[in-house]
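# Geometric and topological summary
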Amino acid sequence: MVRRVAVVAGGHSKFGKRYDATMRELCAEAYKPIYDEGITQDRIDASVLSYAASQFTGQGAGSALMADYIGLQEKPHLRVESACTTGTASLRAAWGMVAAGLYDVMLVMGVEQMNRVSSATATEYMSRAGDMRWEYPYGISFPAFYALMASRYMSEYNMPHDILAKIAVKSHFYGAQNPKAHLPKEIPFEEANNAIPICRPLNLYDCSLITDGAAAVVIAAEDRVKEFTDRPMWIKGIGAGASENMIQDRPSLTTIPGAKRAAKAAYKMAGIEPKDINMAQVHDCFTIAELIAYEDCGFAEPGKGPEIVENKENYIDGRIPVNCDGGLKSKGHPLGATGVSMTYEIMKQMRGEAEKSSRQIKDVKYGLAHNVGQSGQFVNVFIFERGW
Amino acid sequence: MAEKKELYLGYSTDKAITPFFQNWLEFLDQEKLMKSKCGKCGAEYLPPRQHCQKDMSECTLAEVSEREAKLYSYVIVDFAPESLSSKQPYVVAIGEFPSGLRLTAHITNLTSMPEVGMKLKLGFDKSPDGKMVTYRWLV
């Protein structure tokens, strides 16, 4: 018998270039608000560390370090890794353990420290997530994979770059209102549309940030939830999907097939439809990724994603508010922390606890998190339901 | 027995050379692009796989006879991974042959912006010392 599971608490470090901390201090920063709420170590049965890429710091066996540093050294722990979707993969793993009855209360901690190496080195490390034999020798960086999608999308649907720039403008508009964001500044459209090229057709403002940071959530089994909160956020639907490893092998580059499969599975498990979703946190590692996510999550028909952008339906008072915390673009993208940060943001929005009313979405009953790894080889979609 | 020639693919090396891959590289050194074909179900793979994705049978190499393709998608890499930073900017393209097989490679002789759908021709290249061999797209 599968038990219902809820997110009952969360914490979040400041995202940015955190030369003042290593991953252990970042984890403590994310756990501190949870501890201060009274969820002390003795109330946590086990933990999962979401830590995607140990090459950035050289720190192996990260879950032992993290657990020890925050006082969970006597509790079982493990590390999960699946590229940029590590955060929600960790949540999925923890959900499975709690739903199955192995543990009642678990901490999911996501962390990454990426700024101890240069941008070129970070780009090198991330390019090795492509096929080392057939893609890596041609210098296909992480932005390059998404630029291949962008070129194809722009050609098939005759879309100008302006649409992508407007997504960046929206992300930075909200990121500027998020004190935890890595780059909390607004950018004008012209600047977003004409920034220096990184991987054409993508420019600097089409790309997410190389970020240090941590985020954490606590999940609990249904019969224990009331011990922790009267405002639980139920995990209502979980979908996971996968796609071909080499991007050239995908039948289409204007969609991520694994994301469509993951979304479909999540909606089915939750028993709801895309029109029921009140807010979404999507994996905007690049602006084109956010655009494709609108379509893969069912908020727009194929090729119609640009209409959401043109009509500003992705703002807080629009039909489907998306990434109103700044997203990976402005808030930042510490790989292992990202999926956990998405979960945290949905919980805070449901509780009406956005730091500024100007980015508070009204009356969130259902929130969706769409977390993509590599260029779509791994995808997790979560649907959360307000429990009060 | 003659010593095997040391060959690597592309512009930065993946040094995990297996006998199957070595054999494929030696064909490439002779300017022959080889796909692989499953001996059991006939499935074809480009780039080649030693094992069929469908039934795990051993595949054999067969030459790709097509020389012309269309540009399926492209990227101009302005900011490269560290290992290829000396070559930036460069253009990576996915070309699609009439048979439907696709190949990812650099376009090395562009004089204007690439366009999806434009014609590509298959070419070959090697480093001055002859150790790095590769295929490439030409316009």
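Conventions used here
Residues numbered from 1 in each chain as written. Chains lettered and ligands numbered in written order. Predicted model: local features only at pLDDT ≥ 70, side-chain atom pairs only at ≥ 80, totals over all residues. Heavy atoms only, no water. Pairing = 2+ DSSP bridges. Helix = DSSP H or I, 4+ residues; strand = E, 2+ residues; numbered from the N terminus. Contact = heavy atoms within 4.5 Å. Axes fitted to C-alpha atoms, helices over the stretch in contact; angles between N-to-C directions. Buried area = accessible area lost by both parts, 1.4 Å probe. Salt bridge = Lys/Arg side-chain N within 4 Å of Asp/Glu carboxyl O. Polar contact = N/O pair within 3.5 Å; in protein donor to acceptor, adjacent residues only side chain to side chain. Buried < 20%, exposed > 50% of the residue type's maximum accessible area, 1.4 Å probe, protein only. Left-handed = near helix turned anticlockwise from the far one by under 90°. Nonpolar A, V, L, I, M, F, W, Y, C, P; charged D, E, K, R; others polar. Expected span 1.5 Å × (residues − 1).

So, on to the sheet that holds strand β4 (residues 59-63) of chain B. Hydrogen bonds between backbone atoms are what pair the strands of a sheet, whose relative direction is either parallel or antiparallel. Residue and element names in this part refer to chain B. On the basis of which strands lie adjacent, the open sheet formed by 3 strands has the order β3-β2-β4 and antiparallel pairing. Edge positions in the sheet fall to β3 (44-45) and β4, since each of these pairs with one other strand and no more. Sheet topology note: the strand β2 (residues 34-38)/β3 ladder contains 2 bridges and is antiparallel. Its bridge partner lying in β3, Ser36 is registered against Tyr45. Strand contacts of helix α1 (residues 19-29): β2 and β4, with the helix running at about 5 degrees to β4, the strand carrying the most contacts.

Glancing now at the interface of chain B and chain A. The interface of chain B with chain A comprises 41 residues on the first partner and 35 residues on the second. Counting the surface chain B buries against chain A, the share from its top three residues, B:Tyr72, B:Phe79 and B:Glu82, is 19%. The partner of A:Arg200 in a salt bridge is B:Asp78, with the nearest N and O atoms 2.6 Å apart. For the pair chain B and chain A, the number of links is 21 residue pairs in polar contact (both at pLDDT 80 or more). Taken together, the elements giving at least two residues each to the side of chain B that touches chain A come down to α1, β5 (68-77), β6 (90-96), β7 (102-107) and β9 (132-138) of chain B. With 7 residues, β5(B) is the single largest residue contributor to the side of chain B that touches chain A.

A separate point is the pattern of salt bridges. Inspection of every chain in the model, using the stated rule, returns 30 salt bridges over all chains. In this structure, the salt-bridge partner of B:Glu96 is B:Arg102, at a minimum N-O distance of 2.8 Å.

Here we take up unusual backbone geometry. Look at the link from A:Arg200 to A:Pro201: it is a cis peptide, with omega at 15 degrees. Considering the arrangement of structural elements, one finds A:Pro201 in the loop between β5 (197-200) and β6 (202-203). Cis geometry marks the peptide bond from B:Gln88 to B:Pro89, where omega comes out at -5 degrees. Here B:Pro89 lies in the loop between β5 and β6. In this structure, A:Asn323 is a non-glycine residue whose phi angle is positive, near 50 degrees. Tracing the backbone through its elements, the reader meets A:Asn323 in the loop between α10 (305-310) and α11 (327-330). Note on A:Asn323: relative accessible area 1%, which makes it buried. If you check the backbone angles, A:Gln374 has positive phi at about 50 degrees while not being a glycine.

This part is about the packing of helix α5 (residues 142-156) of chain A against helix α9 (residues 287-296) of chain A. Residues and elements named next belong to chain A. Packing of α5 against α9 brings their axes to within 9 Å, and their N-to-C directions diverge by 60 degrees. Seen from above, α5 lies across α9 with left-handed handedness. Residues Tyr146, Met149, Ala150 and Tyr153 of α5 lie in contact with α9, whose contacting residues are Ile288, Ala289, Leu291, Ile292 and Glu295. Per-class residue counts for the contact of α5 with α9 are 8 nonpolar, no polar and 1 charged.

Looking now at the pairing of β6(B). All names here are of chain B. Burial of β6 is extensive: 6 of the 7 residues sit out of reach of the surface. Pairing of β5 with β6, which is carried by 7 bridges, proceeds in the antiparallel orientation. Bridged to Lys70 within β6 is Glu96. Where β6 and β7 come together, 6 bridges link them in antiparallel fashion. Bridging from a neighbouring strand, Val92 pairs with His106 of β7. Between β6 and β7, which pair antiparallel one after the other, the connecting turn spans 5 residues, and Gly100 there sits at a positive phi close to 100 degrees.

Moving on to the environment of B:Leu46. Here B:Leu46 shows up in the loop between β3 and β4. Once the C-alpha coordinates of B:Leu46 and B:Ile107 are considered, the two residues, 61 residues apart in sequence, prove to be 18 Å apart. Among residues more than four places away in sequence, those in contact with B:Leu46 are A:Gln248, B:Leu33, B:Met34, B:Lys35, B:Val64, B:Phe97, B:Leu101, B:Arg102 and B:Leu103.

For the rest of this paragraph, the subject is helix α12 (residues 335-350) of chain A. Residues and elements named next belong to chain A. Taking 1.5 Å of rise per residue, the 16 residues of α12 would be expected to cover 22 Å, and the 24 Å separating its terminal C-alpha atoms lies within 8% of that figure. Of all 16 residues making up α12, 15 are buried, and the element is well covered by its neighbours. Residue Gly352 follows α12 closely and has a positive phi angle near 70 degrees.

Residue and element names in this part refer to chain A. The sheet built from 9 strands is open, its strands ordered β3-β2-β4-β7-β1-β8-β11-β10-β9 with mixed pairing. The sheet terminates laterally at β3 (77-80) and β9 (279-282), the two strands that pair on one side only. Between one strand axis and the next, the sheet turns through 25 degrees on average, direction left out of account. Contacting β8 (233-242), β10 (366-373) and β11 (378-386), helix α8 (residues 257-270) runs over the sheet at an angle of about 150 degrees to β8. Contacting β1 (5-12), β2 (46-50), β4 (105-112), β7 (213-221), β8, β9, β10 and β11, α12 runs over the sheet at an angle of about 170 degrees to β10.

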